[in-house]
Every structure is written in C-alpha cells, then in structure tokens.
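The lines below spell out each chain.
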Amino acid sequence: MALASLYARSSRLSSSSKTAASASSAFFLLRSSSRQLHSTPPNKNGDVSAISAEKGRRRIPNWWSRSLVPLAIAAAASAASFALLNQSYPPSITQSSALDSKNVKVGGKGSTELVVKGEYKEVPKELIAELKSILQDNLTTDYDERYFHGKPQNSFHKSVNIPDLVVFPRSEEEVSKILKSCNEYKVPIVPYGGATSIEGHTLAPKGGVCIDMSLMKRVKALHVEDMDVVVEPGIGWQELNEQLEQYGLFFPLDPGPGASIGGMCATRCSGSLAVRYGTMRDNVISLKVVLPNGDVVKTASRARKSAAGYDLTRLIIGSEGTLGVITEVTLRLQKIPQHSVVAVCNFPTVKDAADVAIATMMSGIQVSRVELLDEVLIRALNMANGKNLREVPTLMFEFIGTEAYAREQTQIVQQIASKYNGSDFVFAEETEAKKELWKMRKEALWACYAMAPGHEAMTTDVCVPLSHLGELISRSKKELDASPLLCPVIAHAGDGNFHTCIMFDPNNEEQRKEAERLNNLMVHSALSMGGTCTGEHGVGTGKMKYLEKEHGIEALQTMKKIKKALDPNDIMNPGKLIPPHVCY
C-alpha cells in the first residue's frame, strides 16, 4: 500500500511534496553572509549566478530560491517554540584578525578552542600581479568575497584570518600556474569546493590564496558502455546526476546538498547510499592532481582494477587539500534501479531501531539505505516541513531491484522489525512520495538550525563496527537526553555511522563546553569500540585532536613525512588534518 495514503489515514502526513518547505536550501541562504550581491538572468535550469562587487561568482540553484520563503516561515515558528535558547550570532571576522589570537589553539592534544590561529604574512604584491596576469578578471580582493570564503557556511569553526584574495581558475593549466607561483613565494593555498564541509576545512588561518574551483565544472567525457564519467572538480553531484539521468546512469554517492565532486574526494565522503555502493574511495577510478610545485599527476588509468604501483588515487582521496588540488576525477557509475521501495517503521527506543538495522544487514538483504532518526529529529522535521509525523525513533529503508524483488525484501524486513517492537510499518512506491521522504531526510541539518535560531551545530560523525552500533547509540542517547542542549540524532544505521547535531549558542561558554563534553564522550566511546572519530565528514580542524588516540603517533608521523615530501613549504591547506604537535 502506498505510504502517502497510509500516512494520511493516520494523520501523520499532511501535505504533498510540492508544499514541503526546503529547509536545506533556505536556511543556507539565511545564514550565509551579509554581503550584497546582484545576479545574472537564470539559465535553462532556472539557476542564477551571484556576483560580488569584484568578479567572484557562485551559481545558485533554482531550488534554493524556491525554498527560501517557506523555510523562513518555518524558522519563525521554530523560534517561538525554542524560546529557551537565546538568539545570538558569533562575532564577525574583521579585515585581518578580528579575534584575539592570544592563547588560542585548536587541534592539539586535548584542545577545545574553536578559533584556529595562524601566523599571518602579507601576500607580496608581486604575487598578486602574477596571479592577475594568469587569471585576468577571475580574481578578487573584495572583502565581502574574502569573508564569505573564509567563514564556512555550515560550521561553527572560525579562524583569526581570512584569505587575502580569492581566485577562480577555469582550467588545469591555470591551477598549475597558480600553485607554482604561490609555492615560489611560500604563500598558503586553501582549496574551496561546494562550501558544505562542517569541520573547518576551508578556513584560512594564515591568510593567503583561496582557490575556488566552482568555474571548473565540465563533464569532460562520458563512457556509457564502460559506466564511467570524467568530470572537473567543481561540478556538484546533484547537477551531475541530472545530466546522467537521460542515459539511465547515476553517481551513487549522496552527501549534503551542494557538495562538489572535488570536495567529496578531498573529504572521502559517503552518504546514505554508502551501505550499498561504498564510499568515495570505492567510486573514484582515477584523479588528476596539481602538486604544490605545479606538477600535474595522473594517479591511475581508467581500468576498473590495477596492481601497477602505489595507489596514489587513494592517497589523495581524503587528503583534504593538504597535498594538492584535484583538477579531474574519473567516477564509477551505476545503472538507475528499475524499481525502488521506501519503507518507514517506528520504534519505542533507538536501541530497538538500531537492532533492526543490524538484523537486516545480517539477514543478507541488500538494502540501499538504512537511516535512523530519533524522536528529536522527527520533531525538527515536522516543524520545518509542516508535517505531523509520529515523534518516535524511526527507521527509513530503501530497497531496489525488480518490482517483485524490492517488494519481497520489504516484506522480509517488515517481519524482522516486528520482532523488535516495530510498529506502523508503511512503504511508498510512488515517485513523488519517495522524493519527499528523502528530501526531508537530506534537510535534517537545516531543520535543526530552524528549530534553534541563532545557534550553531557541533555535528558528531562517529562510526563503529556494526555490532556495536546499538550499544553506542544507547549509551550516547542517555547523555544527550539528560543534557539541556537540543541534540537530534541521525544515523546511517546500515554501516555503523551516526551523527548528533548538538545545538549550542556559540557566545555561551557553558553551552559550548557542554557541547564539547558530549562530543568527546561519543568520540571516545566509539574509539573504545574499535571505531573512528569521523566516518564521512573528514578531519579539518575540528577532529585533529582525536587522531593520535585513533591512529597512534607512528601513523601520524608517517602522514607528516608524506606531507613534507610533497609539500615542503607547507602551503597546501595549512593547519588541517595533521595535528600541529606531530613532528618527526
């Protein structure tokens, strides 16, 4: 039976996807920056280009603008219900260093500071002139543009400095010249993709040059019979899939809306489909990378497997811009499933829901998604989307294949759920109903922002062996429920990865420390179970302090040696990934 009709019967789904507020897009725009922009006429997709006073451009998808008004209304409603938390905003970064850098540290052993310090060195005028000759008008020193690039849009992390200039290369050749020039002057470079990372990856603690890859977004070659595609790094995964749809193909990784392929490689991301298709490291065939000295390296051929030499592709994936700039990506594609079913089931506790996810995976059923949402997150989604979903721990499944196979899997999982106190098991097969459900799931973070106006999210990303997921979520949930902070939980339950959006007022020291305490508790619990501090978000500046406990000092020293060999002047995204106390 269709999910929409069942939900309507139980008064839990009150409107169609056409009226659902798009929390993701609108709240991003509400939070982005104070800079004044004008725009070009929309393209054939309805997108427009935002243009600053200088030549900086960023394509704004049509679905963002369509969603702005509904979410603004939802955010206003949420503010009234969340009156216990004071609305406040973090201090802005001034022209060079708006935040006192004395005694500020981040990423070292036990560090809890939120502001990244760095020794600022003015960019030589000679370098600016060289870059101007390379890029012509695709370079800006406009303060608003630099501020925008220096403050991550979805992260509470800050830096004492912002970039001195932002460049927008259009080709691999330009990227090579930029890096070679910056290396000669020993000026830092911060690669910049879709601006969706949440661990301070794009901060510029030492100033320098921000290299925005958004103009390099071509599909260079599509090999339908080989099921692979060659793209530039600036293209977004959603835009790519729109172009691939006509060929019956798609790229299966689905991180947050707006993520670019280059950034996805840099952070070794995954998403809700990783349980079926793997992470970024499993779906990238080869790369082209510009090293700090300007050399261009191709990491592999297009062959689906190779035993020829070091695996340079996997070295770059997850390196977070600290070893070079990705200029080309060859991706493995998948056939669009013939049929899919989305199922939803409620549970009395998150432990019951986690146990069903584990039992489902153990049964051998090849689900494509298994997502766990706790009752707090369901409440946030209700408020942001005008829904009336039952506010209890919930599992969302997706089954793919032939129509008969997908339905058979659905029935088997329904039987499994009934053994673990599952109730209200309903499913959807209509395209619009399925899209609406996954849209709400994708907008979880922005729904949390709308529920707590003026607050930031400290988002956890722990991942453990699947058998430990139930224990970790149960242990964490007790602490989260006892905390005065709003702490929604969402998990990729099929692969042991779960997130908590710990909402806190960045200007309230007690709230910040409480958020840090909860974060530390979950990370150390995960590490004690053989897990990791980050399953898909990456390290950036926010997770560096956990790496020594996770990997050991010897592993970190090895990483440092690799970094030193490829980037002896330490110009590539300095202050990220490798903790500053590591030496060799």
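None of these values were measured; they are calculated from a predicted model.

K.L.:
Explain the overall build of the protein here, please?
P.N.:
The number of helices and strands found in the protein is 20 helices and 24 strands. Relative to all contacts within the protein whose residues are 6 or more apart in sequence, the contacts with residues 24 or more apart total 75%. Summing over all exposed atoms, the protein offers an accessible surface of approximately 23600 Å²; the carbon and sulfur share of this is 51%.

K.L.:
How should I be thinking about the nonpolar core in this particular structure?
P.N.:
If you look at soluble globular proteins, the nonpolar side chains tend to sit buried side by side. If you look at the biggest cluster of nonpolar residues, it comprises 55 residues, and the most contacted ones within it are Leu 372, Leu 395, Phe 397, Phe 399, Ile 473, Phe 498 and Ile 502. Among the elements that make up this core, the one with the highest residue count is helix α12 (residues 350–362) (seven residues). Taken together, domain 3 (339–538) and domain 4 (545–582) each give at least three residues to this core, which thus spans both. If we ignore the near neighbours within four places in the chain, the residues touching Ile 502 are Glu 456, Ala 457, Met 458, Thr 460, Leu 485, Leu 486, Cys 487, Ala 515, Leu 518, Asn 519 and Met 522.

K.L.:
Help me out: how do you make sense of empty space enclosed by the protein in this one?
P.N.:
If a probe the size of a water molecule is rolled over the atoms, the empty space left behind becomes visible. With the rule as written, the count across this model stands at three cavities of 30 Å³ or more. Space inside the largest cavity adds up to approximately 890 Å³. Only β8 (189–192), α8 (261–267), β15 (325–332), α15 (431–442), α16 (444–451), β23 (489–492) and β24 (497–504) provide two or more residues apiece to the lining of the largest cavity. Looking at the lining of the largest cavity, its residues break down into 19 nonpolar, 23 polar and five charged.

K.L.:
Can you walk me through the pattern of salt bridges in this structure?
P.N.:
Two side chains with opposite charge may pair up if their charged atoms get near one another. According to the stated counting rule, one finds 32 salt bridges in the structure shown. Among the salt bridges present, the one from Asp 570 reaches Lys 206, with a minimum N-O distance of 4.0 Å. On the criterion of sequence distance, the pair formed by Asp 570 in the segment after α20 (553–566) and Lys 206 in the loop between β8 and β9 (209–212) is long-range, its members being 364 residues apart. Since its relative accessible area comes to 32%, Asp 570 is described here as partly exposed. Across the pair Asp 311 and Arg 314 runs a salt bridge whose closest N-O atoms are separated by 3.9 Å. A residue is classified by how much of its surface remains accessible, and Asp 311, at 46% relative accessible area, is partly exposed. Owing to a relative accessible area of 32%, Arg 314 belongs among the partly exposed residues under this scheme. Among the ionic contacts, a cluster of salt bridges with common partners joins Lys 206, Lys 563, Asp 567 and Asp 570.

K.L.:
Looking at this structure, I do not really get helix α18 (residues 509–528). What am I missing?
P.N.:
Along an α-helix, residues three or four apart share an orientation, since each turn contains 3.6 residues. Helix length check: α18, at 20 residues, gives a terminal C-alpha distance of 28 Å against a target of 28 Å (1.5 Å per residue), a fit within 8%. Every buried residue belonging to α18 is among Gln 511, Arg 512, Glu 514, Ala 515, Glu 516, Leu 518, Asn 519, Met 522, Val 523, Ser 525, Ala 526 and Leu 527, and all of these are buried. On the buried face of α18, the contacting elements are β21 (456–459), β22 (462–463), α17 (469–482), β24 and α19 (547–551). The residue sitting at the N-terminus of α18 and contributing the capping side-chain oxygen is Asn 508; that oxygen lies 3.1 Å from the backbone nitrogen of Glu 510.

K.L.:
Which parts of the structure should I look at to understand the environment of Ser 476?
P.N.:
Among the secondary structure elements, Ser 476 is positioned in helix α17. C-alpha separation for the pair Ser 476 and Asn 519, spaced 43 residues apart in sequence, amounts to 9.5 Å. Look past the residues within four positions of Ser 476 in its chain and what remains in contact with it is Phe 498 and Met 522. Here Leu 472 takes part through its backbone oxygen, which lies 2.8 Å from a polar atom of the side chain of Ser 476.

K.L.:
I tried to follow the sheet that holds strand β5 (residues 139–140) on my own but got confused; where do I start?
P.N.:
Pairing between the strands of a sheet comes from backbone hydrogen bonds, and it takes one of two forms, parallel or antiparallel. Strands sit in the order β5-β7-β9-β8 across an open sheet of four strands; the sheet is mixed. Two strands lie at the open edges of the sheet, namely β5 and β8, each paired on one side alone. As paired elements, β8 and β9 share four bridges and run parallel to each other. Along β9, the bridge assignment pairs Ile 189 with Val 209. Relative to strand β7 (residues 165–167), helix α5 (residues 143–150) is tilted by about 80 degrees, and along the sheet it contacts β5, β7, β8 and β9. The strands that helix α6 (residues 172–185) touches are β7, β8 and β9; relative to β9, the one it contacts most, it runs at about 170 degrees.

K.L.:
Before we go on, may I ask you to explain the packing of aromatic side chains in this structure?
P.N.:
Pairs of aromatic rings are described using the distance from one ring centre to the other and the angle between the two planes. Enumeration over the complete set of coordinates arrives at four aromatic pairs. Their ring planes at 85 degrees and their centres at 5.8 Å tell us that Phe 250 and Tyr 277 sit as a pair that is edge-to-face. Residue Phe 250 is found in strand β12 (residues 249–250), and its partner Tyr 277 is found in helix α9 (residues 274–277); the two are separated by 27 residues along the sequence. An identical accessibility class is assigned to Phe 250 and Tyr 277; each is buried. Between Phe 397 and Phe 399 the ring centres are 5.8 Å apart and the planes differ by 15 degrees, which places this aromatic pair in the stacked class. For the pair Phe 397 and Phe 399, one class covers both residues: buried. One residue, Arg 369, lies across the ring of Trp 438, its end atom 4.3 Å from the ring centre.

K.L.:
So what exactly am I meant to see when it comes to unusual backbone geometry here?
P.N.:
Generally, phi is negative for residues other than glycine and the peptide bonds are trans, each holding for most cases. Within the chain, Gln 136 stands out as a residue other than glycine whose phi angle is a positive 55 degrees. Residue position: Gln 136 is located in the loop between α4 (125–135) and β5. The phi angle at Ala 195 is positive, at roughly 65 degrees, despite the residue not being glycine. Ala 195 gets classed as buried once you look at its relative accessible area, which sits at 11%.

Thresholds applied
- Residues numbered from 1 in each chain as written.
- Predicted model: local features only at pLDDT ≥ 70, side-chain atom pairs only at ≥ 80, totals over all residues.
- Heavy atoms only, no water.
- Helix = DSSP H or I, 4+ residues; strand = E, 2+ residues; numbered from the N terminus.
- Contact = heavy atoms within 4.5 Å.
- Areas by Shrake-Rupley, 256 points an atom, 1.4 Å probe, with all protein chains shown as cover.
- Core = buried A, V, L, I, M, F, W, Y, C linked by side-chain atoms within 4.5 Å.
- Buried < 20%, exposed > 50% of the residue type's maximum accessible area, 1.4 Å probe, protein only.
- Domains from an automatic or database assignment.
- 1 Å grid on protein atoms, 1.4 Å probe; cavity = no way out; pocket = protein on both sides within 12 Å on 5 of 7 lines; lining within 4 Å.
- Points joined across faces, edges and corners; volume = space filled by probe spheres on them.
- Nonpolar A, V, L, I, M, F, W, Y, C, P; charged D, E, K, R; others polar.
- Salt bridge = Lys/Arg side-chain N within 4 Å of Asp/Glu carboxyl O.
- Expected span 1.5 Å × (residues − 1).
- Polar contact = N/O pair within 3.5 Å; in protein donor to acceptor, adjacent residues only side chain to side chain.
- Pairing = 2+ DSSP bridges.
- Axes fitted to C-alpha atoms, helices over the stretch in contact; angles between N-to-C directions.
- Phe/Tyr/Trp six-rings, centres within 6.5 Å; stacked < 30°, edge-to-face > 60°.
- Lys NZ or Arg CZ within 6 Å of the ring centre and 35° of its normal.

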